Amino acid sequence: MTREEALLWLDQHIGISRETVEKLDAFVACLHAEMAHQNLIARSTVDDLWGRHIIDSAQLLPLARKEAAFNKKASPKSWLDLGSGAGFPGIIIAILSEMAVTLVESRRKRVEFLEKAAEAAGTPVTILGQRLENIEPQAFDIITARAFAPLDKLWRLAFPFSQKESLWLLPKGQNARTELEETRKLWQGDTRIEGSVTDPQSAIIVATHIHPKKQKTGKKT
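Predicted model, so just to flag it, every value in this text is computed and none were measured. Here the residue numbering is sequential within each chain, running from 1 through the sequence in written order. For a predicted model such as this one, the threshold for reporting local features is a pLDDT of at least 70, and the threshold for listing and counting side-chain atom pairs is 80 or more; totals across whole chains, interfaces and linings nevertheless cover every residue. Here the side-chain values reflect all heavy atoms present in the structure, with hydrogen atoms and water set aside.

**Quick word on the packing of aromatic side chains**
The condition is simple: To pair, rings of Phe, Tyr and Trp, with the six-membered ring standing in for Trp, must have centres within 6.5 Å; the planes then decide the type, stacked if under 30 degrees apart, edge-to-face if over 60, and tilted in the middle. To qualify as a helix, a DSSP run of H or I must reach at least 4 residues; to qualify as a strand, a run of E must reach at least 2; elements of each kind are numbered from the N terminus. The buried label applies to any residue whose accessible area, calculated with a 1.4 Å probe on protein chains only, is under 20% of its type's maximum; exposed applies above 50%, and partly exposed to all values in between.
Scanning the entire structure with this criterion turns up five aromatic pairs. Pairing Phe27 with Phe113 gives two aromatic rings, centres 6.3 Å apart and planes at 55°, and the pair type is tilted. Of the two residues, Phe27 sits in helix α2 (residues 18–34) while Phe113 sits in helix α6 (residues 108–120), which places them 86 residues apart along the sequence. Taking relative accessible area as the criterion, Phe27 reaches 1% and is therefore assigned buried. A centroid spacing of 6.2 Å and a plane angle of 50° characterise the contact between Trp155 and Trp187, whose relative ring orientation is tilted. One end of the pair, Trp155, is in helix α7 (residues 151–158); the other, Trp187, is in strand β6 (residues 187–195), with 32 residues separating them in the sequence. Note on Trp155: relative accessible area 1%, which makes it buried.

And the structure:
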C-alpha cells in the first residue's frame, strides 16, 4: 500500500486533517532515521510501512468507535498499548485520535525512540519505560497489544489494568482463533474475531468483560 492509498483509507474510515497527515509524515521520517541505529520493524516490511504498520494500527480505531456505538457507551478516553516497540499501534492511535494514550515499553532504546517520535509528531503520549508487572495498575478504557505475548499470558499480566467494560483489541496472526480457544479454560468474557484489513491471514481479537474463571474445588470429605 502506498502512502497515497493509505491516506485515502484513513480519510474514508477515520477522517484526517492536513495537520494529521503532517504528524504521520513526521513520525514516518523519524522511524526511517532511527532504522539506521536499531531494527524497529522487520527490514522486509519497510517498503510497505504505510500498509503493514500504519493502517494495520489505524484499523483498530474504527473498531473501537463501532464497539462504543453498538453498546451505546460514551466515547473511550484512555488507551493502553503494551509492548509499544516502534509505536504501533500506540503512537498512530495518539496521532489519529484525542484519546489519552499510554505506551508501555521496557527496552531502553525503544523508549528513547518513542520519546523522539512523539516529539517529532507533536503528539502527547505517556511512556512508561518499565515491565508491565512493575507498574502500578490503573484501569483503561481500551487495551491493545501487538506481538506482546501469548493471549493467556497477556490477559494475566494486563487484567489488573482493565475494568469490566474495558475493550481489548488484540491484533494476532492466523492462529488468533486457536489462541482464543486455548484460553477458555481459564478466562471468560465476550469475544469475537475480526478480520484484518491489511492481511487476509491475520485477525484481531475483540473482547470485553474479560475475567478469570472461578476454578472448581473438590468437596472436602
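**Concerning the packing of helix α1 (residues 3–13) against helix α3 (residues 49–58)**
Spelled out, the test is: Fitted lines through C-alpha atoms give the axes, limited to the stretch in contact for helices. The angle between two N-to-C directions lies from 0 to 180 degrees. Any angle that is under 35 degrees is reported as roughly parallel, and any over 145 degrees as roughly antiparallel; angles of 65 to 115 degrees are reported as roughly perpendicular and all others as oblique. Note on definitions: a residue-residue contact is assigned when non-hydrogen atoms from the two residues lie within 4.5 Å. Each residue is assigned to one class: nonpolar for Ala, Val, Leu, Ile, Met, Phe, Trp, Tyr, Cys and Pro, charged for Asp, Glu, Lys and Arg, and polar for all the others, Gly among them.
The interhelical angle for the contact between α1 and α3, taken along N-to-C directions, is 10°, at an axis separation of 10 Å. Here α3 runs roughly parallel to α1, going by the angle between their axes. Contact residues: α1 offers Arg3, Ala6, Leu7, Trp9 and Leu10, while α3 offers Trp50, Ile55 and Ala58. Among the residues making up the contact of α1 with α3, the classes are represented as seven nonpolar, no polar and one charged.

**Describing the side chain of Thr45**
Mapped onto the elements of the fold, Thr45 is located in the loop between α2 and α3. Residue classification places Thr45 among the buried residues on the basis of a relative accessible area of 3%. For Thr45, the contacting residues outside a window of four places in its chain are Arg52 and His53.

**A closer look at the sheet that holds strand β1 (residues 78–82)**
We count it as follows: The pairing criterion for strands is at least two bridges between them, as found by DSSP.
Strand order in the open sheet formed by seven strands is β3-β2-β1-β4-β5-β7-β6, and the pairing between neighbours is mixed. The open sheet has two edge strands, β3 (126–128) and β6, and neither has a second partner. Recorded for the sheet is a direction-independent mean angle of 20° between the axes of neighbouring strands. Sheet analysis places strand β5 (residues 167–172) next to strand β7 (residues 203–212), joined by five bridges and oriented antiparallel. Across the sheet, residue Lys172 finds its bridge partner in β7, namely Ala203.

**A look at the environment of Gly87**
Turning to its location among the elements, Gly87 is positioned in the loop between β1 and α5 (90–96). The buried category is assigned to Gly87, whose relative accessible area is 0%. When neighbours within four sequence positions are excluded, Gly87 is seen to be in contact with Ile92 and Leu114.

**Side note on the pairing of β5**
The two faces of a sheet get side chains in turn, since along a regular strand they alternate between them. Let me state the cut-off plainly: A clockwise path from the first strand over the helix to the second, with the strands pointing away from the viewer, defines a right-handed crossover.
With six of six residues buried, β5 lies mostly within the body of the structure. Side chains Leu167, Leu169 and Pro171 of β5 all project onto a buried face; the interleaved residues Trp168, Leu170 and Lys172 project onto the opposite face, where all are buried too. Note that the unit made of strand β4 (residues 142–145), α7 and β5 has a crossover that is right-handed.

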